[in-house]
Amino acid sequence: MRIRPMRPEDVEAARPLAAAGDGWAERAGHLLTTDPGGCWVADDAGAVVGVAIALRRDLLWVLSSFAVRPDHQDGGIGAALLDAAVGYGAGCLRGLLTSGPDPQALRLYRRAGFTLHPTMRLSGVVDRSALPTVDGVRGGTAADLDLVDSVDRRVRGATHRSDHAFVMRHSALLVCDLLTGSGYAFATERGVQRLAATNRAVAQRLLWAALARTAPGSSADVRNLTSDQEWAIDVGLAAGLRLDQDGYLALRQLRPPAPYVPSSGFG
Ligand SMILES: CC(C)(COP(=O)(O)OP(=O)(O)OC[C@H]1O[C@@H](n2cnc3c(N)ncnc32)[C@H](O)[C@@H]1OP(=O)(O)O)[C@@H](O)C(=O)NCCC(=O)NCCS
């Protein structure tokens, strides 16, 4: 068994390990282009039995995927993969990842120096009779990406610049730019992928606007919410969504950014 850099042909082989649903392979292919040095696999006699994918954006390191095939777990492969992925962050000041409640993963993350912040998830069908009229939020275009970068820098200290084109192909950009503050959200019919704003009032407008765009009658969710995001929890409850435990936001040299809904794949 050896840990080696991921190659394009490994993406399909690694997909069943990640169990991350639709879009995983496309995201992995994108990150293999932007961050080849952050993409690692565990290779057992030619079979891909583990994967770890990390990205660097400015001075922020993010873990995007991490999994080992069940019949190969508990033998140190995860620790070796995580070492390789963390090594890619050398020189980064801060680190961020979202995790499910997997005790093996949490053990490794804490041992790698991450602080574990429990998260909540809002889910369910949006009660459309609860939707308020929201002023000041509009659909965004590529011309708004400087605003997105500036909000990201302020809220989380790093942009998502090299992911914009990829993310805009898979979700709709919403923008709010007022005298009092600004922010953005990437929304899909299934909920919010990511949201950041310079104040809570702007964040709440964006979240309402994003919830209004979910498919009527279908379930939607907003994930990775630490207790710092009560502005989001209040909106979600008012919209008729239910609140459950989710997993963890694991951070290094960073307080939970707020108001912020991190994406699972890009931080
Ligand atoms: C997280 C994961 C990648 C770790 O891979 P792995 O190869 O099992 O990792 P390792 O063998 O290096 O380490 C696992 C650690 O968990 C411990 N462990 C094993 N089973 C455990 C359990 N049920 N509860 C708590 N700890 C456990 C092991 O003893 C080991 O710790 P140690 O090094 O101190 O002995 C793997 O478990 C996995 O794919 N999980 C499912 C996907 C997932 O949750 N990914 C995380 C991102 S959301």
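Residues numbered from 1 in each chain as written. Predicted model: local features only at pLDDT ≥ 70, side-chain atom pairs only at ≥ 80, totals over all residues. Heavy atoms only, no water.

You'll find the protein chain entered in an unreviewed UniProt entry as N-acetyltransferase, with Jiangella anatolica given as the organism.

Quick look at the packing of aromatic side chains
Short version of the rule: What counts as a ring pair is set by centres within 6.5 Å for rings of Phe, Tyr and Trp (its six-membered ring), and what kind of pair is set by the plane angle: stacked under 30 degrees, edge-to-face over 60, tilted for all other angles. By definition, any uninterrupted DSSP run of H or I lasting at least four residues is a helix, any uninterrupted run of E lasting at least two residues is a strand, and each is numbered from the N terminus. Think of it in three bands: residues with accessible area under 20% of the maximum for their type are buried, residues over 50% are exposed, and the middle band is partly exposed, with areas taken using a 1.4 Å probe on protein chains only. We count a charge as sitting over a ring when the NZ of a lysine or the CZ of an arginine lies within 6 Å of the ring centre and within 35 degrees of the ring normal.
Taken as a whole, this structure holds four aromatic pairs when the rule is applied. The interplanar angle of 45° and the centroid separation of 6.0 Å between the aromatic rings of Phe-66 and Tyr-109 together place this pair among those described as tilted. With Phe-66 in strand S4 (residues 60-68) and Tyr-109 in helix H4 (residues 103-111), this pair connects stretches of sequence that are 43 residues apart. Judged by its relative accessible area of 21%, Phe-66 is partly exposed. Above the plane of the ring of Tyr-88 lies Arg-56, whose end atom (NZ or CZ) is 4.1 Å from the centre.

Remarks on the packing of helix H7 (residues 200-212) against helix H8 (residues 230-238)
Put simply, the rule is: Only C-alpha atoms enter the line fits that serve as axes; for helices the fit covers just the stretch in contact. Angles between N-to-C directions range over 0 to 180 degrees. The handedness criterion is simple: a crossing whose near helix is rotated anticlockwise from the far helix by less than a right angle is left-handed, and one whose near helix is rotated clockwise is right-handed. Contacts are assigned to residue pairs with any non-hydrogen atoms lying within 4.5 Å of each other. For this classification, Asp, Glu, Lys and Arg are treated as charged, while Ala, Val, Leu, Ile, Met, Phe, Trp, Tyr, Cys and Pro are nonpolar and the rest, including Gly, are polar.
Where H7 contacts H8, the axes come no closer than 9 Å and their chain directions differ by 35°. Pair H7 / H8 crosses with right-handed handedness. Contacts from Arg-200, Ala-203, Gln-204, Leu-207, Trp-208 and Leu-211 of H7 reach H8 at Trp-231, Ala-232, Asp-234, Val-235 and Ala-238. Considered class by class, the residues forming the contact of H7 with H8 number eight nonpolar, one polar and two charged.

Observations regarding the pattern of salt bridges
Convention followed: Take a side-chain nitrogen of Lys or Arg and a carboxyl oxygen of Asp or Glu: if they are within 4 Å of each other, that pair is a salt bridge.
Taken as a whole and judged by the stated rule, the model has 14 salt bridges. The shortest N-O distance in the salt bridge between Asp-71 and Arg-69 comes to 2.9 Å. The closest approach of N and O atoms between Asp-149 and Arg-161, which form a salt bridge, is 2.3 Å. Of this pair, Asp-149 sits in helix H5 (residues 145-156) while Arg-161 sits in the loop between H5 and helix H6 (164-170), and the two are 12 residues apart along the sequence. For Asp-149, a relative accessible area of 2% corresponds to the buried category. Among the charged side chains, a salt-bridge network with shared partners connects Arg-4, Asp-10 and Asp-43.

A closer look at H5
The following threshold applies: In this scheme, a helix's expected span is set at 1.5 Å multiplied by one less than its residue total.
For H5, built from 12 residues, the straight-helix expectation of 16 Å at 1.5 Å per residue is met to within 8% by its first-to-last C-alpha distance of 16 Å. Listed in full, the buried residues belonging to H5 are Leu-145, Leu-147, Val-148, Asp-149, Val-151, Asp-152, Val-155 and Arg-156. Taken from the residues just after H5, Gly-157 is the one with a positive phi, measuring 75°.

Details of the packing of helix H1 (residues 10-18) against helix H2 (residues 24-34)
Worth spelling out the cut-off: Our angle categories are set so that under 35 degrees counts as roughly parallel, over 145 as roughly antiparallel, 65 to 115 as roughly perpendicular, and the remainder as oblique.
Their axes nearest at 9 Å, the elements H1 and H2 cross at an angle of 125°. Considering the angle they form, H1 stands oblique to H2. Handedness of the crossing formed by H1 with H2: right-handed. Judged by residue contacts, Val-11, Glu-12, Ala-14, Arg-15 and Ala-18 of H1 engage Trp-24, Ala-25, Ala-28, Gly-29 and Leu-32 from H2. Class assignment for the residues of the contact of H1 with H2 results in seven nonpolar, one polar and two charged.

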